[in-house]
Amino acid sequence: MNNQSYITYNRAETAKLLNFSALVDAIAQAAEEYAHNGILSPERLVVPMENNAVMLSMPAIGSDIAIHKLVNVVPDNGNLQLPTIHGLVTVFNAQTGVPLFVLDGPEVTGRRTAAVSMLGIRTFLPRQPQAILLIGTGTQSAYHLQAIAELYPASKVWVRGSRPGRAEAFCEKFAALHPALSPCPSDGMPHEIDVVITLTTSKVAIYNDAARPNLLVIGVGAFKPDMAEIGAATLAGSDIYVDDPDGARQEAGDLIQAGVDWSITRPLISALKSQPEFARPVVFKTVGTGAWDLAAGRVARAALAM
């Protein structure tokens, strides 16, 4: 009988294991390995559940560890005062297959997703961001604010909500997290903003300004073909990068709905290898992959000194 035991870390414990600086570095390394098959991460399996909910299975295997993220996304849980996402990330020794530990799935997802955006800022912006606009006031906006507070504390953060009052409520709730947090004016976007991050589940474009140099637009929220946050006007004038080219073709609703020619999109790894032309407008669309969860597993393992 196998008496191997392992520890399950709750949400707060998982957060302590995953600081954003280490996550950004680990994801950059994972991107290199993923691009050259050093990490195997097949397309995620999506299994329908009741009431438009889905179960998502995302495995990834590296030379050191393997992970399996299993999460349930239940949109109607808000009506029950429950979180939308529940799940676990199990981390294994890749050589023996022995389970090492289990992390909280939503916390891993939230933090590694924000870390990918921070890697985008580090890669596509030639300087520290002066001001960042978060469009959306949900859970992912909160994780992005945490990441910005840790990595770019001197940056001004503006927030725009989908309905009146939401940005104000968000800023009030998280005022202690970042010293320069404000609702975005309703009459336009302050010119000082050099990064826009869209973090909603909108099905129509919510950001469609003309592309302009030295402005980085990061699309996070639209993760299904019928969703869209970034419009055709922004995309048409921008160099478009994606974190996972295969996943983007199936999930990047912004690009799918705008009819983007996939041959002109570029993978994140190409920018990591050679700095892009910063004078060009850039849209960085992220959809996620199990490789980023594996990167988080590596950070947690290092924090545990295993």
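Going by the structure above, here's the rest.
Residue numbers here run from 1 along each chain, matching the order of that chain's written sequence. Whole-chain, interface and lining totals are the exception, using all residues; otherwise, since this is a predicted model, local features are given only for residues with pLDDT of at least 70 and side-chain atom pairs are given and counted only at 80 or more. Heavy atoms throughout the structure, all of them, feed into the side-chain values; hydrogens and water do not.

Colleague: I keep staring at the packing of aromatic side chains and nothing clicks. Help me out?
Modeller: The geometry of an aromatic ring pair comes down to the distance between the two centres and the angle between the two planes. Two rings from Phe, Tyr or Trp (for Trp, the six-membered ring) form a pair when their centres sit within 6.5 Å of each other. Planes less than 30 degrees apart are called stacked, planes more than 60 degrees apart edge-to-face, and all others tilted. Following the criterion strictly, the structure yields 5 aromatic pairs and no others. On the numbers, 6.2 Å between centres and 75° between planes, the contact of Tyr-9 with Phe-101 is edge-to-face. A residue pair is termed long-range when its members are at least 10 positions apart, and Tyr-9 in the loop between β1 (7–8) and α1 (11–17) and Phe-101 in strand β6 (residues 99–104) qualify at 92 residues. By relative accessible area, Phe-101 is classed as buried at 1%. Between Phe-170 and Phe-174, the ring centres sit 4.7 Å apart and the planes meet at 50°, which makes this aromatic pair tilted. This pair shows no difference in class: Phe-170 is buried, exactly as Phe-174 is. Aromatic ring contacts, followed pair by pair, group Phe-124, Tyr-241 and Phe-284 into a single cluster. Here the guanidinium or amino end of Lys-156 rests over the ring plane of Trp-158, the centre of that ring lying 4.5 Å away. Note on conventions: DSSP H or I runs of at least 4 residues are helices, E runs of at least 2 residues are strands, and numbering of each starts at the N terminus. Three exposure classes are used, based on accessible area relative to the maximum for each residue type with a 1.4 Å probe and protein chains only: buried under 20%, partly exposed in between, and exposed over 50%. Counted as over-ring charges are cases with an Arg CZ or a Lys NZ within 6 Å of the ring centre that also lie within 35 degrees of the ring normal.

Colleague: Teacher, can you tell me more about helix α4 (residues 139–151) here?
Modeller: Residue pairs three or four apart in sequence face the same way in an α-helix, which turns once every 3.6 residues. A rise of 1.5 Å per residue sets the reference length of α4, with its 13 residues, at 18 Å; its end C-alpha atoms lie 19 Å apart and thus fit the reference within 8%. Every buried residue of α4 is listed here: Gln-140, Ser-141, Ala-142, Tyr-143, His-144, Leu-145, Ala-147 and Ile-148. By definition here, a helix of n residues has an expected span of 1.5 Å times n minus one.

It is worth stressing that arrangement in space is one thing and function is another; only the former is reported here.
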